[in-house]
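Architecture at a glance
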There are 2 protein chains.
Amino acid sequence: MTKDEILSAAAQIFSQKGFHAASMQDIAQAVNLQKASLYHHISSKQDMLLAILDQALDLLIEHIEQVAIQPLPADEKLRLAMVVYLQAMLEQRDLAAVLLLEHRSLENQYRSQHIPRRDRFEQLWRNMLREGVEQGIFNCTDLALASRALLGVMNWTITWYHPNGGLSPINIAEQTADLFFNGLLKREG
Amino acid sequence: MTKDEILSAAAQIFSQKGFHAASMQDIAQAVNLQKASLYHHISSKQDMLLAILDQALDLLIEHIEQVAIQPLPADEKLRLAMVVYLQAMLEQRDLAAVLLLEHRSLENQYRSQHIPRRDRFEQLWRNMLREGVEQGIFNCTDLALASRALLGVMNWTITWYHPNGGLSPINIAEQTADLFFNGLLKREG
DNA sequence: GTCTATATGGTGATAGAC
DNA sequence: GTCTATCACCATATAGAC
């Protein structure tokens, strides 16, 4: 048994039941161990949560940064980032769900380790929006609000997506990007 | 002590700590009772959660329905609904946060009571989108996806809004509606 | 309607054998 | 590295006095 296998099982259970409703017993059972044996690999339940959050954030940051550094027009870059982000999110649903919905279960001491990385992640989105404003192609009066709207429209997907629901991740990603870029209203003419 | 006072305190604590992390002890303390005394007013913790979810949903449905029945052009109607919804949500943050983030802590038997109302709520949004499509003013190929994007951009607000954060609810509501209607891209010309 | 006391069971975590 | 056994604690909920 490896630490990664345990974290993977834990992520699945945390995402299904929520951090506090999930017990060490549940996790041990999922990997066919006694719960005491888990503590050979991890030091506490909070420690597991932090590890999962960091792992999820690393995964997403890595994807987004690869897009962010490319010399593309801001609209193409942001669209690509949205598609890449949504695909990664929906293909690693357990990790993403824990990152987005369980991060508040982190106790203060652990949270202070995690927060800086999360800020950097949000900064990536804000910077991509800023580029578009500077290039005169984004219509955006408040960068902070726009980046939160952008994250909202993407992150909320984790609350309703099911892999057998008819829409594929790429399909969802493209349509969501279209809607966010063009808006709901039909253009005149 | 009334049931409503207890539910109100419970909503605040559920929204702060999450349902499972909040104890009956916490709630009793918040209303200056012994935890055993709570059971004179409510029958279980799950019962409290269901009551809060229903209360929150009632509040929001009531607001949205009042807008939905008005004979307005679809774009004006949806914009008004968004503003009304966001204002109600941000002014009743505790209720809304429990509704949006803790509903999955409901056990199956309780959930089956709650789900039909929730479906009706989502149907209200979908219908308003449909009206706009029928009137030829909304650009929307997939009603289900668009309504989820719409709910995402609004509901995510509950995860970051703080009343002393500079932006007022009405301010947030107007800007969010603008962005969702017009899109991020600047129009040509 | 609120209290004290308690039943009953699960929790995260540790000790120490193998 | 995994086990059995156990600790100390907290959870939801109930019983019954006042």
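The notes below deal with the structure included here. (Residues numbered from 1 in each chain as written. Chains lettered and ligands numbered in written order. Predicted model: local features only at pLDDT ≥ 70, side-chain atom pairs only at ≥ 80, totals over all residues. Heavy atoms only, no water.)

**Structural notes on the packing of aromatic side chains**
- This model, assessed by the stated rule, comprises 10 aromatic pairs over all chains.
- Aromatic side chains Phe 121 of chain A and Trp 125 of chain A sit 6.4 Å apart centroid to centroid with 85 degrees between the ring planes, which places their arrangement in the edge-to-face category. Remark: Trp 125 of chain A and Phe 121 of chain A occur in helix H7 (residues 108–134); sequence separation between them is 4 residues, near one turn of the helix. Residues Phe 121 of chain A and Trp 125 of chain A agree in their burial class; the two are buried.
- Their ring planes at 75 degrees and their centres at 6.1 Å tell us that Phe 138 of chain A and Phe 181 of chain A sit as a pair that is edge-to-face. On the criterion of sequence distance, the pair formed by Phe 138 of chain A in the loop between H7 and helix H8 (143–155) and Phe 181 of chain A in helix H9 (residues 169–182) is long-range, its members being 43 residues apart. In this structure, Phe 138 of chain A and Phe 181 of chain A share a single accessibility class: buried.
- Counting every residue linked through ring pairs, the aromatic cluster contains Tyr 85, Phe 121 and Trp 125 of chain A.
- Above the plane of the ring of Phe 19 of chain B lies Lys 45 of chain B, whose end atom (NZ or CZ) is 4.4 Å from the centre.
- One Lys or Arg, Arg 79 of chain B, reaches over the ring of Phe 181 of chain B and ends 5.2 Å from the middle of that ring. (Phe/Tyr/Trp six-rings, centres within 6.5 Å; stacked < 30°, edge-to-face > 60°. Helix = DSSP H or I, 4+ residues; strand = E, 2+ residues; numbered from the N terminus. Buried < 20%, exposed > 50% of the residue type's maximum accessible area, 1.4 Å probe, protein only. Lys NZ or Arg CZ within 6 Å of the ring centre and 35° of its normal.)

**Looking at the protein's contact with DNA strand C**
- Lining the immediate surroundings of DNA strand C are 15 residues, of which Met 24 and Lys 45 of chain A together with Gln 34, Ser 37 and His 41 of chain B lie closest.
- A distance of 2.9 Å is found between a phosphate oxygen of DNA strand C and a backbone nitrogen or oxygen belonging to Met 24 of chain A.
- Of all the elements in the fold, those that place two or more residues in the surface near DNA strand C are helix H3 (35–38) of chain A together with helix H3 (35–38) of chain B.
- The class makeup of the residues in the surface near DNA strand C is 7 nonpolar, 6 polar and 2 charged. (Near = heavy atom within 4 Å. Polar contact = N/O pair within 3.5 Å; in protein donor to acceptor, adjacent residues only side chain to side chain. Nonpolar A, V, L, I, M, F, W, Y, C, P; charged D, E, K, R; others polar.)

Bear in mind that shape data such as this cannot, by itself, settle questions of function.
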